[in-house]
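# Topology and contacts: notes
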Amino acid sequence: MWSLRVERGYNRGTAYVLPAGALVVGRDEGAQVRIDAESVSRRHAELAVGAALEVSDLQSTNGIAVNGVPCREAQLEPGDRVRFGDVECRVLSEEDARDRPASTLVLEPEALTVDESPPQLADAPQIEWIGDSAPVKRLLGQVQRVAQADCAVLLRGETGTGKELIARAIHALSRRRKRAFVAVNCATLDGELLESELFGHERGAFTGANARKQGLVEAATGGVLFLDEVGELPLKAQAKLLRLLENGDYRRVGGTRDLHANCQVISATHRPLEDMVKAGGFREDLLFRLQVVELLLPPLRERGDDLALLIDHLFAKLRAQVSRRLTLGPEARAVLLGWRWPGNVRELKNALERAVILAPGPVVEVDDLPPGLATVTPVSDGFPTLEELELRHIRRALEHTDGARAEAARVLGIDRKTLYRKLKAYGLEQGS
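Rules used in this analysis
- Residues numbered from 1 in each chain as written.
- Predicted model: local features only at pLDDT ≥ 70, side-chain atom pairs only at ≥ 80, totals over all residues.
- Heavy atoms only, no water.
- Helix = DSSP H or I, 4+ residues; strand = E, 2+ residues; numbered from the N terminus.
- Buried < 20%, exposed > 50% of the residue type's maximum accessible area, 1.4 Å probe, protein only.
- Contact = heavy atoms within 4.5 Å.
- Pairing = 2+ DSSP bridges.
- Axes fitted to C-alpha atoms, helices over the stretch in contact; angles between N-to-C directions.
- Parallel < 35°, antiparallel > 145°, perpendicular 65-115°, else oblique.
- Left-handed = near helix turned anticlockwise from the far one by under 90°.
- Nonpolar A, V, L, I, M, F, W, Y, C, P; charged D, E, K, R; others polar.
- Arc of directions from axis to C-beta.
- Polar contact = N/O pair within 3.5 Å; in protein donor to acceptor, adjacent residues only side chain to side chain.
- pLDDT = per-residue confidence, 0-100.
- Patch = residues over 30% accessible without salt bridge, like charges linked within 9 Å, V, L, I, M, F, W, Y side chains within 5 Å.
- Areas by Shrake-Rupley, 256 points an atom, 1.4 Å probe, with all protein chains shown as cover.
- Salt bridge = Lys/Arg side-chain N within 4 Å of Asp/Glu carboxyl O.
- Phe/Tyr/Trp six-rings, centres within 6.5 Å; stacked < 30°, edge-to-face > 60°.

The helix and strand tally for the protein chain stands at 15 helices and 21 strands. Burial statistics for the protein chain: of 432 residues in total, 47% are counted as buried. Taking all contacts inside the protein chain whose residues are at least 6 apart in sequence as the whole, residues at least 24 apart take part in 63%.

Printed below as a string of structure tokens:
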């Protein structure tokens, strides 16, 4: 195991025990080897830790030097002195590492000691989860147990159910909670750009790659990598992710050397991955690796009285943000409680935010709500009308196509004129 001990400058006497993988040295809070000295750049250098130990400069202001000789990159041996700005470190031998000083920083996920109680959700105030229904209690109990397992987790649920929030809760309760939580939406990137974002790239790997780039996998070393909309990954990237999950190994785009990452992978999707496997769009072996543990997030319509709690909580929070003394009218509240919320908590928040901003008077009325909600009459027994079902189906099609109406019409099996006419009838001609 490789180690660095600070011989001169910031945190003199501290030893950094280096896990395998690519580690950033610098002042940035996300740096794995954090050296908060003025002479050190935010992202000063990178250490490639494996059978050998290599250091390379990341275009820092004050550069690096090995044994007093300035350089751009070098392979390090035990006893070498490497300088980052004005901070000088010594590479420790295996024997030196056994006799570490008291101030040692072990750059591995923090392990729970035998007498340490696992943290509870109440210990993570940054995780705001409102609800007391049976499905929510069951989910949060599962989260508490999964957080101690340190395994791959697949979160399934409809759009807007809070999958990233649950991923952050798992991180906050885990032994990795003091390391990075790195989130990437796989639906926003594709092809070589996605692979570069995930795994990084070497200089010259493709047009425009003017310098080596650290990927998100490297940034998540010791922490959690959250892959939202994992079903959108192209097959080539799926193969690389499978290798990462199997043994922690990966390569940068254009690279020839294996790197190693120690990170927990949490993924999320609203797509039926089993159907994608049958259609050849998703690897079955990757699905098995991703769903060591699978958690199903309940839609808002199945959470009972949580809807009323969420309405009150979100309304109060949004009202405070715009500094308005508003109340929610009884008719508007009845519409909110009667709606089925196909977009779940995200749709509810957007509806309330719109109402809080646009309400002309001190009371939010039905007319202040999104037109789609105001034009559909909710039913008391919770059974949706045909009109509501059609509107919900149109909304989901538009969401699936990112608002592309021609594509949404094709998905729905109707022509564009018919879709535009229905959008106008539901008061959605300005958006979905």
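Here five strands make up an open sheet; going across it, the order is β14-β15-β18-β13-β19 and the pairing parallel. This sheet does not close on itself; its edge strands, each paired only once, are β14 (181-185) and β19 (293-296). With strand direction ignored, the average angle separating the axes of adjacent strands in the sheet is 20 degrees. Here strand β15 (residues 224-228) runs beside strand β18 (residues 264-269); their pairing, made up of four bridges, is parallel. Within β18, the position partnered with Leu225 by the bridge is Val265. Its contacts with the sheet place helix α2 (residues 134-146) against β13 (153-156) and β19, and it is angled at close to 155 degrees to β19. Of the strands in this sheet, β13, β14, β15, β18 and β19 are in contact with helix α3 (residues 163-173), which crosses β13 at around 150 degrees.

For the pair helix α9 (residues 306-321) and helix α10 (residues 330-338), interaxial distance at closest approach is 10 Å and the crossing angle is 130 degrees. Comparing their axes, α10 and α9 come out oblique. Crossing angle aside, the handedness with which α9 passes α10 is right-handed. Within the contact between the two elements, α9 uses Leu307, Ala308, Ile311 and Asp312 and α10 uses Arg333, Leu336 and Leu337. Of the residues in the contact of α9 with α10, the class split is five nonpolar, no polar and two charged.

Now for the pairing of strand β6 (residues 53-57). Most of β6 is tucked away, with four of its five residues classed as buried. The pairing of strand β5 (residues 45-49) with β6 spans five bridges and is classified as antiparallel. In the strand pairing of β6, Glu46 is matched with Ser56. As consecutive antiparallel partners, β5 and β6 are separated by three residues.

Right, let's talk about helix α15 (residues 416-425) for a bit. Here α15 has its buried residues at Thr418, Leu419 and Leu423. Within α15, the buried residues cover an arc of 135 degrees as seen down the axis, which keeps them to one side. Every exposed residue of α15 that faces more than 90 degrees away from the buried side is listed here: Lys417, Arg421, Lys424 and Ala425. Put simply, Asp415 is the residue that caps the front of α15, since its side-chain oxygen is 3.2 Å from the backbone nitrogen of Lys417.

In the predicted model, the protein chain carries a mean pLDDT of 83, and 87% of its residues have values of at least 70. Overall, residues 100-115 carries pLDDT values under 50, and its contacts beyond four positions in sequence, including any with other chains, amount to 37 contacts.

Moving on, we get to a nonpolar patch on the surface. Side chains of Val322, Ile357 and Leu358 sit close together on the surface and give an oily, nonpolar patch of about 270 Å² of accessible area. Checked against the element boundaries, Val322 lands in the loop between α9 and β20 (327-328).

This part covers the pattern of salt bridges. Inspection of every chain in the model, using the stated rule, returns 27 salt bridges. Between Arg42 and Asp28 there is a salt bridge, with the nearest N and O atoms lying 3.0 Å from each other. In this pair, Arg42 is assigned in the loop between β4 (33-34) and β5 and Asp28 in the loop between β3 (21-26) and β4, connecting sequence segments 14 residues apart. Judged by its relative accessible area of 23%, Asp28 falls in the partly exposed class. Where Glu88 meets Arg81, a salt bridge forms, and the shortest distance between an N and an O atom there is 3.4 Å. Given a relative accessible area of 28%, Arg81 falls into the partly exposed group.

Our focus in this paragraph is the packing of aromatic side chains. How two aromatic rings sit relative to each other is given by the distance of their centres and the angle of their planes. Enumeration over the complete set of coordinates arrives at three aromatic pairs. Geometrically, the ring pair formed by Phe181 and Phe226 is stacked, given 6.0 Å between the ring centres and 25 degrees between the ring planes. Note that Phe181 is positioned in strand β14 and Phe226 in strand β15, a separation of 45 residues in sequence. Phe181 gets classed as buried once you look at its relative accessible area, which sits at 16%. Assessed through its relative accessible area of 0%, Phe226 is described here as buried. Their ring planes at 35 degrees and their centres at 6.1 Å tell us that Phe199 and Tyr250 sit as a pair that is tilted. Taken together, the positions of Phe199 in helix α4 (residues 191-199) and Tyr250 in strand β16 (residues 249-250) put the pair 51 residues apart, joining distant regions of the chain.

A separate point is the environment of Glu38. Its place among the elements puts Glu38 in the loop between β4 and β5. By relative accessible area, Glu38 is classed as exposed at 82%. Counting along the chain gives 48 residues from Glu38 to Asp86, while the straight-line C-alpha distance between them is 8.7 Å.

Right, let's get into the sheet that holds β4. Taken in spatial order, the five strands line up as β4-β3-β5-β6-β9 in an open sheet, and their pairing is mixed. What marks the edges here is a single partner per strand, and that holds for β4 and β9 (73-76).

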